[in-house]
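Take a look at the letters that make up each chain.
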Amino acid sequence: MKKPLVTIDGPAGAGKTTVSREAARRLGYSYVDTGALYRGLAFVAAGKGVGPDDQKGLARIMANLTLKFEKDKKGDSRLLANSRDITDHLRGNEVSMLASAVSALPAVRQWLLDLQRNLGRDGAAVFEGRDMGTVVFPQARFKFFLTADPAVRAKRRHAELVAAGREIAYEKVLADIITRDTNDSTRAVAPLKPAPDAVILDSTKKTVDEVVESILALVHEIHE
Ligand code: DC
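Summarised in this report is the structure supplied together with it. (Residues numbered from 1 in each chain as written. Predicted model: local features only at pLDDT ≥ 70, side-chain atom pairs only at ≥ 80, totals over all residues. Heavy atoms only, no water.)

**Considerations on the environment of Gly10**
Its place among the elements puts Gly10 in the loop between strand E1 (5–9) and helix H1 (16–27). The buried category is assigned to Gly10, whose relative accessible area is 0%. Put simply, Gly10 and Gly51 are 41 residues apart on the chain and 25 Å apart in space, counted from C-alpha to C-alpha. The contacts of Gly10, once residues within four sequence positions are left out, are Lys16, Gly129, Arg130, Phe145, Leu146 and Leu192. (Helix = DSSP H or I, 4+ residues; strand = E, 2+ residues; numbered from the N terminus. Buried < 20%, exposed > 50% of the residue type's maximum accessible area, 1.4 Å probe, protein only. Contact = heavy atoms within 4.5 Å.)

The following block contains the structure:
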């Protein structure tokens, strides 16, 4: 029997990346960060001077762009844009805001839909994003919605940016997280929301390990 898909959706800074990566590692599944695809498009567009409001410019870019994940020697996933490794350019705050803006466009979501479904066709994967359980893989066997208080999410994201050597005030990170929450959950197409059959996990007072344990407990209980 084909191994199942696990989807983990939720707002920025809820801990999806760390949790998804660890859950995938412990399950022996692959891990797919779909936010990286939106970030990748936003980064490439910004490099060509195309902003999120320029739909024609974005259409031209999408027509000539192939995004692909590849594993490096350590087994970490890298994102290639027409063969150029852009992974190290994706996590900055500016790219986050641009990614949120381009992700509201139906043409962008459509462009990434087949690519994401293709990546999930063999099962045995943990997909992280905003609409994994609602739109991209509505048939996924295990769906989670990971959330946390905005202040806690901003604190985590701020620590991550500072650790990466980026200077930014906590207040700015909090304000941007709130803007992104609003953008991502109020857009017309595939807004951020829990699938009706998703298990909601609140990580405000939980460690990564505790959240991962809750996910694995459910996957093992139902699947084995
Ligand atoms: O998960 P992330 O912070 O890397 O995602 C960056 C932006 O991309 C996020 O603000 C909204 C968008 N996104 C989306 O709309 N759908 C997804 N499945 C993943 C990300």
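**Quick word on the site of the ligand**
Taken together, 16 residues surround the ligand, and among them Arg39, Arg109, Arg130, Asp184 and Arg187 come closest. At a separation of 2.8 Å, an oxygen atom of the ligand approaches a polar side-chain atom of Arg130. Taking Arg187, its side chain carries an N or O atom lying 2.9 Å from an oxygen atom of the ligand. Of all the secondary-structure elements, those providing two or more residues to the shell around the ligand are helix H2 (35–47), helix H4 (93–102) and helix H8 (170–186). Looking at the shell around the ligand element by element, the count peaks at 3 residues for H2. Residues that form the shell around the ligand fall into these classes: 3 nonpolar, 5 polar and 8 charged. (Near = heavy atom within 4 Å. Polar contact = N/O pair within 3.5 Å; in protein donor to acceptor, adjacent residues only side chain to side chain. Nonpolar A, V, L, I, M, F, W, Y, C, P; charged D, E, K, R; others polar.)

**A word on the packing of H4 against H8**
For the pair H4 and H8, interaxial distance at closest approach is 10 Å and the crossing angle is 15°. When the interaxial angle is binned, H4 and H8 end up roughly parallel. In terms of crossing hand, the pair formed by H4 and H8 is left-handed. Contact residues: Asn93, Ser96, Met97 and Ser100 in H4; Lys172, Asp176, Thr179, Arg180, Asn183 and Asp184 in H8. Grouping the constituent residues of the contact of H4 with H8 by class yields 1 nonpolar, 5 polar and 4 charged. (Axes fitted to C-alpha atoms, helices over the stretch in contact; angles between N-to-C directions. Parallel < 35°, antiparallel > 145°, perpendicular 65-115°, else oblique. Left-handed = near helix turned anticlockwise from the far one by under 90°.)

**Side note on the nonpolar core**
Of all hydrophobic cores here, the largest spans 24 residues; its most connected members are Leu41, Ile61, Leu65, Leu67 and Ile86. Counting only elements with at least two residues in this core, the list comes to H2, helix H3 (55–63), strand E4 (77–81), H4 and helix H5 (106–119). In terms of residues, this core owes the most to one element, H2, which gives 8 residues. The contacts of Ile61, once residues within four sequence positions are left out, are Leu41, Val44, Ala45, Lys48 and Val50. (Core = buried A, V, L, I, M, F, W, Y, C linked by side-chain atoms within 4.5 Å.)

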